[in-house]
Amino acid sequence: MDYCELKDQVNGLDERQRKGCTRVLSLVSIGGGMRPEFREHLDGASTYREFFEALYGDDTLRFTKAWAAWARHDGKQWVDRFEPAQAAERVPFAGRGLPVEFSGNTVLVPLGGHGKKARVLAFEDGAFNEDAAAYFTSIEGAFTCGGLSFDGIYDVFTSGNTVLFEHWALNEKGIRVKSAQLAENYGLTG
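I will try to describe carefully the structure that is included in this document. (Residues numbered from 1 in each chain as written. Predicted model: local features only at pLDDT ≥ 70, side-chain atom pairs only at ≥ 80, totals over all residues. Heavy atoms only, no water.)

## Remarks on the overall build of the chain
- A tally of helices and strands in the chain yields 6 helices and 11 strands.
- Overall size of the chain, expressed as C-alpha extent along the three principal axes, is 55 × 45 × 20 Å.
- Relative to its full complement of 190 residues, the chain shows a buried share of 42%.
- Sequence-distant contacts, at least 24 apart, represent 57% of the contacts inside the chain between residues at least 6 apart.
- As presented, the chain carries roughly 10,500 Å² of accessible surface, and 49% of it is formed by carbon and sulfur atoms. (Helix = DSSP H or I, 4+ residues; strand = E, 2+ residues; numbered from the N terminus. Buried < 20%, exposed > 50% of the residue type's maximum accessible area, 1.4 Å probe, protein only. Contact = heavy atoms within 4.5 Å. Areas by Shrake-Rupley, 256 points an atom, 1.4 Å probe, with all protein chains shown as cover.)

Rendered as structure tokens:
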């Protein structure tokens, strides 16, 4: 399939499907054609869905905005494609959210999935594709959630019944930088 065929297929979709697929299409194209890093996936596809699934199946693209846009649009259970630093599985919750407890206070993280069991995953800064998740808030200090203990600054995201905590890495000036960048700066990479 070529880019024009892909674009025609996306334009022929119903309004709801077209909106999400047009977003993915805009992220894989440039100047009326396909971006080089996505070309091989298009060559092997005969439908827009085959193309988008080929992108999603390629682990080297997990951190791209296109991968995240397709994962969100198609309702993928994507969190298992990344490795957390800590995890708590099958955490029971009641009501509409999972409690985060700190300093005698409680905040409920709203969950959108079905059932009454949640997952709590903790990641280092930059260890998962934030664009695939829904941002909720940031928390600083010591707190617990789902039996896991945290201390520091964390962004809080959700995806279905999963709560994802992303630990901020701070440089010597207290400015947020990705963990990989800190490791590289201090010669900690192999």
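Still more ground to cover, so stick around.
## Some words on helix α1 (residues 3–11)
- For α1, every residue scored as buried is listed here: Tyr3, Leu6 and Val10. The arc that holds every buried residue of α1, seen down its axis, measures 60 degrees, which confines them to one face. Exposed residues on α1 whose side chains face more than 90 degrees from its buried face are Cys4 and Asp8.
- Against the buried residues of α1 lie α2 (15–28), β1 (29–30), β2 (33–34), α3 (36–43) and α4 (48–57).
- Regarding α1, its N-cap is aspartate 2, as a side-chain oxygen of that residue lies 3.1 Å from the backbone nitrogen of cysteine 4 further along. (Arc of directions from axis to C-beta. Polar contact = N/O pair within 3.5 Å; in protein donor to acceptor, adjacent residues only side chain to side chain.)

## Some remarks on the side chain of glutamate 166
- Relative to the assigned elements, glutamate 166 resides in strand β9 (residues 162–167).
- Classification of glutamate 166 as buried rests on a relative accessible area of 0%.
- There is a polar contact of 2.6 Å between the side chain of glutamate 166 and the backbone nitrogen of glycine 126.

## Topic: the environment of alanine 54
- Secondary-structure assignment places alanine 54 in helix α4.
- As for alanine 54 and leucine 42, which are separated by 12 residues in sequence, their C-alpha atoms are 8.2 Å apart.

## Some thoughts on the packing of aromatic side chains
- A full pass over the atoms with the stated rule returns 17 aromatic pairs.
- Summarising the aromatic geometry, the rings of tyrosine 48 and phenylalanine 52 are spaced 6.0 Å apart at their centres and angled 75 degrees between planes, so their arrangement reads as edge-to-face. Of this pair, tyrosine 48 and phenylalanine 52 both sit in helix α4, 4 residues apart, which is roughly one turn of that helix.
- Judged by its relative accessible area of 15%, tyrosine 48 falls in the buried class. (Phe/Tyr/Trp six-rings, centres within 6.5 Å; stacked < 30°, edge-to-face > 60°.)

## What about the packing of α4 against helix α5 (residues 65–73)?
- At a minimum axis separation of 9 Å, α4 and α5 run at an interaxial angle of 115 degrees. Seen from above, α4 lies across α5 with left-handed handedness. Mapping the contact onto sequence places Arg49, Phe52, Glu53, Leu55 and Tyr56 in α4 and Trp67, Trp70 and Ala71 in α5.
- Tallied by class, residues from the contact of α4 with α5 come to 6 nonpolar, no polar and 2 charged. (Axes fitted to C-alpha atoms, helices over the stretch in contact; angles between N-to-C directions. Left-handed = near helix turned anticlockwise from the far one by under 90°. Nonpolar A, V, L, I, M, F, W, Y, C, P; charged D, E, K, R; others polar.)

## Notes on the layout of surface pockets
- What the largest pocket holds in volume is close to 150 Å³.
- Forming the walls of the largest pocket are Ala71, Arg72, Gly75, Lys76, Gln77, Trp78, Ala132, Ala133, Ala134, Thr158, Ser159 and Gly160. (1 Å grid on protein atoms, 1.4 Å probe; cavity = no way out; pocket = protein on both sides within 12 Å on 5 of 7 lines; lining within 4 Å. Points joined across faces, edges and corners; volume = space filled by probe spheres on them.)

## Thoughts on the pairing of strand β7 (residues 134–145)
- Inspection of the sheet shows β7 paired to strand β8 (residues 148–159) by 11 bridges, in the antiparallel sense. From the neighbouring strand, alanine 134 faces β8, where its bridge partner is threonine 158. (Pairing = 2+ DSSP bridges.)

## What to know about the pattern of salt bridges
- By the definition in use, this model includes 9 salt bridges.
- A salt bridge links lysine 76 to glutamate 53; its shortest N-O distance comes to 2.6 Å. One end of the pair, lysine 76, is in the loop between α5 and β3 (86–92); the other, glutamate 53, is in helix α4, with 23 residues separating them in the sequence.
- Residue lysine 76 is classed as buried on the basis of its relative accessible area, which comes to 17%.
- Two residues, lysine 65 and aspartate 131, come together in a salt bridge whose shortest N-O distance is 3.2 Å. Of this pair, lysine 65 sits in helix α5 while aspartate 131 is found in the loop between β6 (117–123) and β7, placing the two residues 66 residues apart along the sequence.
- Using a relative accessible area of 47% as the deciding quantity, one classes lysine 65 as partly exposed.
- Among the charged side chains, a salt-bridge network with shared partners connects Arg49, Glu53, Asp74 and Lys76. (Salt bridge = Lys/Arg side-chain N within 4 Å of Asp/Glu carboxyl O.)

Don't take any of this as a statement about function, it's just geometry.
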